[in-house]
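Read off the chains here:
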Amino acid sequence: MKFKKIVDVLEELEKTGSNNKMRDILADFFQDCPDSDLKQATYLLAGRISSEYRGVVTGMSDKLVLQSVAKASGRDLKKVKKIFRKKGDIGETAEELIGRRKEKLSVKNVFEELNEIAEASGEGSQDKKIISLAELFKKVSSKEAKYIARLVVGTMRTGSGDKTILDALAVAFTGSADARKELDKAYHVHPDLGYLAEKIAKRKLKGIKSVGISFKRPVKAMLAQRVKSFDEIFRKIRGKMAVEEKYDGERMQVHVKGDRVKLYSRRLEDISSQYPDVIKAVKKQIKCDSCILDGECCAVDDKGRLLHFQVLMQRRRKYNVEKYVEKIPVCLFLFDLLYLDGKSYLQKSYPERYKALKSVVKKQNNKLKLANRIVTRDKEKIKKFFNRMIKKGAEGVLIKSMADDSVYKAGTRGWLWIKWKKEYAEGMMDTFDLVVVGGFKGKGRRSYSYGSLLCAVYDTKSKKFDTFTKVGSGFTDKQLKELPKKMKKFKVKEKPKSVNARKDMKPDVWFKPSVVIEVLGAEITKSPLHTAAGGLALRFPRFLRYRPDKSAKQATTVKEIRQMK
Ligand code: AMP
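The numbering scheme is per chain: residues are counted from 1 as the chain's sequence reads. Reporting in this predicted model follows two pLDDT cut-offs: at least 70 for local features of residues, and 80 or more for side-chain atom pairs to be given and counted; totals over whole chains, interfaces and linings ignore these cut-offs and use all residues. Side-chain measures here rest on the full set of heavy atoms in the structure, leaving out hydrogens and waters.

## Re the nonpolar core
Under the convention used in this document: To define a nonpolar core, start from buried Ala, Val, Leu, Ile, Met, Phe, Trp, Tyr and Cys residues and group those joined through side-chain atoms within 4.5 Å. Classification of residues uses two cut-offs on accessible area relative to the type maximum, computed with a 1.4 Å probe and protein chains only: under 20% is buried, over 50% is exposed, and between them is partly exposed. Whether two residues are in contact is decided by their heavy atoms, any of which lying within 4.5 Å being enough.
Phe30, Val65, Phe137 and Ile148 are the most contacted members of the largest nonpolar core, which has 74 residues in total. If we ignore the near neighbours within four places in the chain, the residues touching phenylalanine 137 are Val65, Ser68, Val69, Ala72, Ala94, Ile98, Gly99, Ala145, Ile148 and Ala149. Among the nonpolar cores identified, the runner-up in size contains 60 residues, and Ala221, Cys297, Leu346 and Val407 belong to it.

## Digging into the pairing of strand β3 (residues 250–257)
Spelled out, the test is: Under the scheme used here, helices are H or I runs from DSSP no shorter than 4 residues and strands are E runs no shorter than 2 residues, and both carry numbers assigned from the N terminus. Strands pair, by our definition, only if DSSP identifies at least two bridges between them.
Of all the eight residues making up β3, seven are buried; the element is thus mostly covered by neighbouring parts of the structure. Relative to strand β5 (residues 290–299), β3 runs antiparallel, the two sharing eight bridges. Counterpart to valine 256 in the pairing with β5 is cysteine 291. Judged from the five bridges that link them, β3 and strand β4 (residues 260–264) form a sheet pairing that is antiparallel. Residue pairing for β4: valine 256 is matched across the bridge by valine 261.

## Things to note about the environment of serine 210
Looking at where serine 210 falls in the secondary structure, it is placed in the loop between α12 (193–209) and β1 (223–226). Considered as a pair, serine 210 and isoleucine 148 are 62 residues apart in the sequence and their alpha carbons are 34 Å apart. When sequence neighbours within four positions are dropped, the list of residues in contact with serine 210 reads Lys199 and Arg203.

## What about the site of the ligand?
What counts is decided by this rule: We define proximity as follows: a residue is near a molecule or strand when any one of its heavy atoms falls within 4 Å of that partner. Distance and chemistry together define a polar contact, namely a pair of N or O atoms within 3.5 Å, with one atom able to donate a hydrogen and the other to accept it when in protein, and with adjacent residues in sequence counting only for side-chain atoms on both sides. Here the Shrake-Rupley method, with its probe set to 1.4 Å, supplies the accessible areas, and only the displayed protein chains count as covering residues. Amino acid classes used here: Ala, Val, Leu, Ile, Met, Phe, Trp, Tyr, Cys and Pro are nonpolar; Asp, Glu, Lys and Arg are charged; the rest, including Gly, are polar.
Taken together, the neighbourhood of the ligand is formed by 15 residues, with Tyr247, Arg251, Glu296, Lys400 and Lys419 sitting nearest. At a separation of 3.0 Å, a nitrogen atom of the ligand approaches a polar side-chain atom of glutamate 244. Taken by itself the ligand offers 490 Å² of open surface, and the protein chains cover 96% of this. Among the elements that line the shell around the ligand, the one with the most residues is strand β11 (residues 413–421), at four residues. The residue inventory of the shell around the ligand, partitioned by class, reads four nonpolar, no polar and eleven charged.

Okay, structure coming up:
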C-alpha cells in the first residue's frame, strides 16, 4: 500500500473535531487495508513508529528536523527557521518548503526508513539522522513531508488517540463498538495497537480474547483510587484487606525468564540499563523459571532507610550509570505477581498472587524485599500502621482488597486498591498530577521567570487537557530560575488543539502538554475561569515536585476530580 493512503486518512482526521467521525474514517480505512500493511499502518496512524511499549522514537527534535528540511530543500537554515517560527508547526514548515515529488513510497518504505533513523545512535548519529531524513524528504510529496515531519518529532496533531483507534478496530472487524471492552482489556495487558489490529483482523473477538501476558511485554500498571474519608475505605472494600506501605519511588515491573531480567517503568519504558543493581538483586534473590513482578523502587541510604523521590530521580540517566549505582543505592519493594512459570496470574485473587510472590522471593535484604504490610480489617490497627508509616516518612498506605474477585486490573484505577495519604488524614486536600499547558510571565522580583503556570487535568472522554488552576507557589528559587529553560522546548505559538481553555484565558505562553507536576491543593471550587469538569478549579495550589515518570495522559483525570468534589 502507498504511504499516500495514510496521508489521506491523516488529512481527513485533522479536518474533523468529532470523535465519531474520526472513528468512522479510521474504520473505513482498516476494512480496506491489506493484512500485510495493517500493523505498520496502525502504528503510523497512531503517530508512532513502533508499539507503545517498545517506545521506539527517532530521537529528533524540531531543531534537527529543520536542518533536514534545509538540506532537502536547498534553503538557508535561517530562512527555514523563520518560516517555522511563523507557522509554529514542523509539519506545515516541511510541507511548504519541500516535497515536489510524486507519491511513490509505500507504507513499508516510510516505516522502515523512520525506524532506521531511530536506530542510529552513538557518535555522529545526529548528523546521520539529519542526512537520512533529508534523503527521505527528497523522495516524497509536500503533503507526505508534512506528516513525516510530525511523525519524526512525535506530534501528529490529528486529535485522534489510541482510544479512537481501538474504537475503529472494533467497528471495522466486529461490526460494532461493543468489542471495545475486550479490546481495552487486551490493550492493557499488551499495549501494542499494531499487534491487536492484526489479532482482531484475523480472528475477530476470539483473537483479542487470546491476548496474554509474557516476557518482555510490559503490562499497564494497576492503579489505586482515592477516597474522601477514612470510613469510606470500609464501604468500598469488604472483608479483610492488605494494608501496605505506600512507597515514594518509581513503579517497576520486573520480567524474569531464566537468567534474563528486564525492568519496565510505569510508562512501560525499558529501564533495565539504569538499574544494573536491581537486576543483580533480582537474579540473586528471585527463584523461578519465569515470572513478572510488580513493585516500587526507592532510593535508600546505607542503612536501608528510605530517601526522597527526588533523590531517586538522579538515577534516571544514560551515562555514568555505574557511578550513580554507588552513589545512590536503591531497594526494590515488591507487592504483586502477575505471571509465574508460564501461567498468567492476572485473573487470580490478590491473596493467591501474593502467596506466589512470597514463594519466589528467596532472600530479602536492603536491595530487594517484600513491601511492608499488615492484613486486617480492624480500623484501629490500620490507623496505627498508617501513623507508623507516616512517622518513618512514607506517603501513606495502600489498602487492597483480598476478596475472591480481587484480580489484577491492568491499566485500571479501580476500587480494589485504595490510597490513603497523609494529606487526606490531615484534612487537607490531596495532591494532583497536573499538566503544564501555559505560563504567565513573572513580575517584579520574579521577572526572570514565570509568575505562575497554567495547569490542566486530563479528560479521558474528550481526550483534551482542561485547565484547572494556576500554580505560582511552592517553587524554590533554584526551581524558578531553571523554569524558563526547562519549559522552553515545549513552547508553542498557539493554544494546542488538545488544550481546552476558556476564550479569555490568555497566558503569555502556551506549552505543548508534556510536563507533569505534582501539586498540593486545599479545595476544589466552582470557577468561571477554568474548563475542568465544566468549571471546577483548584484553590491554593502549591508546587511539590516534577513527575518525569508520568506522561501527560497519566495526569489526574476530570473523572477523578469530579469524584473528589
Ligand atoms: P499515585 O501515584 O498517587 O496515584 O499512587 C499510586 C502509586 O503508588 C502506584 O503507581 C505505585 O507507583 C505507588 N506505590 C507505592 N507503594 C505501593 C504499594 N504498596 N502498592 C501499590 N502501589 C504502590
